[in-house]
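# Structural overview
Spelled out from the first residue to the last, the chains are:
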Amino acid sequence: MSPEGQKRIGKALAFNNLYTVILALAFGVVLATAALVAYKCYFQYGTIFKIPQ
Amino acid sequence: MSTLTKILIILLTVSSIFLCGVVVTYVGNADNYRQKYNSIRNERDSLDKKVDALTKQINKNISEKQQVEDKLNEKIASLKAKTAELESKLEDAEREKAILLQKVDSWTSITRDFYETNDKQGQLLKNTLAELNKVQAEQIKQKKELDETTTALVEKMAIIETLESKTKRLLEEKSELQSRLDKMLRPFGKATAETAPVTPPIDTVRPAATETKGIGLQGLVTEVDLKNSLAGISLGAADGVKEGMRFHVSRGDEFLCDILIIDVDSKKSVGVLELVQQNPQIGDNVATNL
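Residues numbered from 1 in each chain as written. Chains lettered and ligands numbered in written order. Predicted model: local features only at pLDDT ≥ 70, side-chain atom pairs only at ≥ 80, totals over all residues.

### Focus: the interface of chain B and chain A
The interface of chain B with chain A comprises 15 residues on the first partner and 16 residues on the second. Where the side of chain B that touches chain A is concerned, the elements lending two or more residues are helix 1 (3-29) and helix 2 (33-185) of chain B. When residues of the side of chain B that touches chain A are assigned to their parent elements, the largest contribution, eleven residues, is made by helix 1 of chain B. Of the residues contributing to the side of chain B that touches chain A, the split by class is ten nonpolar, three polar and two charged. (Contact = placed C-beta atoms within 7 Å. Helix = DSSP H or I, 4+ residues; strand = E, 2+ residues; numbered from the N terminus. Nonpolar A, V, L, I, M, F, W, Y, C, P; charged D, E, K, R; others polar.)

Rendered as structure tokens:
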């Protein structure tokens, strides 16, 4: 068992903030893209999920 | 954290960024179809309005065209009527033209005949003038002869007067000698006898008496034209009738009028009524002698 496995049992702590930042960045990019797509869909078609008639 | 996890995190992040970039690029470059739809719809609405306006304009133009067509049809009908009338007038004019051309031809022939007659009359006039000149020359010649004859006659008359005076004086001397001879012979109881002249007396020239006889033509009145004072008789040139003869018309013992013949045919004649006492009728007697 590695000490890293021991830490996972208790409170999950990021042991390397670099990869966490990278994941956060990826999540933020995806979220911003989804927001942009929703914004575009709403203002161009008037709805987000429906197919405009 | 294992290396694989790290690699997966890196790959996940890179792929997420890549895909998100693709999506953002696509969405950013995507067309705004709603705006296009609205603009196209507005354009369609404006085009519909234009179509309505143009339709109204077309209908208006069609109605105006119909009115103009009706007016033009009326004008065409009136022009056709005028054309027919003008054609009839043209036919009348052509007919009159043909008649006038015939008249012109007839007048041309008449004028030509007139010119020919005029030329003949001119030639006849020239001949007559030549004859007149000859006659005048002969007249002058005869006038000279007449003057000479008159002069000779005057001389002869003077001689005759001289001879008459001599004859008168001789007669006076004869009567004086006769009276002297009677005075000388009376004592002897004798007298001179009447002596007959040796030269017979010359008698004056008298016209020979002409004997006349009646023609004795008798016929009937065949035609009477009281309006023009003309009458026709049943006698003609074959019976010896000549222009200028006078016939007496009678009915029984009653004298009606005279007919002076002015035109003679072979078996009938026409004359003018003169001295009309009563109007003649067809069947009345005509005769040259009453």
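### Topic: the environment of Gln178 of chain B
Topologically, Gln178 of chain B is positioned in helix 2. In the structure, Gln178 of chain B is positioned 13 residues away from Ala191 of chain B in sequence and 9.6 Å away in space, judged by C-alpha atoms.

### A word on the pairing of strand 3 (residues 246-251) of chain B
All names here are of chain B. Direction of pairing for strand 3 relative to strand 4 (residues 254-264): antiparallel, over a ladder of six bridges. Across the sheet, His248 pairs through a bridge with Asp258, a residue of strand 4. Counting the residues in the hairpin turn of strand 3 and strand 4 gives two residues, including Gly252, whose phi is positive at 70 degrees. (Pairing = 2+ DSSP bridges.)

### Side note on the sheet that holds strand 3 of chain B
With antiparallel pairing, six strands are arranged side by side around a closed barrel as 1-2-5-4-3-6 (chain B). The mean inter-strand angle of the sheet, taken between neighbouring strand axes irrespective of direction, is 45 degrees. (Axes fitted to C-alpha atoms, helices over the stretch in contact; angles between N-to-C directions.)

### Quick look at the nonpolar core
Residues and elements named next belong to chain B. Counting 13 residues, the largest nonpolar core has Val221, Ala231, Ile233, Phe247, Val249, Ile259 and Val286 as its most contacted members. Residue assignment for this core shows that the elements contributing at least two residues are strand 2 (230-233), strand 3 and strand 4. Top element by residues in this core is strand 4. It accounts for four residues. Other than its neighbours up to four places away in sequence, Phe247 contacts Ile233, Asp258, Ile259, Gly271, Val286, Ala287 and Thr288. (Core = buried A, V, L, I, M, F, W, Y, C linked by C-beta atoms within 7 Å. Buried ≥ 20, exposed ≤ 12 C-beta atoms within 10 Å, placed from the backbone.)

### Considerations on the packing of helix 2 (residues 17-45) of chain A against helix 1 of chain B
To characterise two packed helices, one gives the angle between the axes of the helices and the distance between these axes. Interaxial distance between helix 2 of chain A and helix 1 of chain B falls to 9 Å at its minimum, and their mutual angle equals 20 degrees. If you check the angle between helix 2 of chain A and helix 1 of chain B, you find them roughly parallel. Remark: the crossing between helix 2 of chain A and helix 1 of chain B carries left-handed chirality. Between helix 2 of chain A, through Tyr19, Ile22, Leu23, Leu25, Ala26, Val29, Val30, Thr33, Leu36, Val37 and Lys40 of chain A, and helix 1 of chain B, the contact on the second element is made entirely by Lys6, Ile9, Ile10, Leu12, Thr13, Ser16, Ile17, Cys20, Val23, Val24 and Val27 of chain B. (Parallel < 35°, antiparallel > 145°, perpendicular 65-115°, else oblique. Left-handed = near helix turned anticlockwise from the far one by under 90°.)

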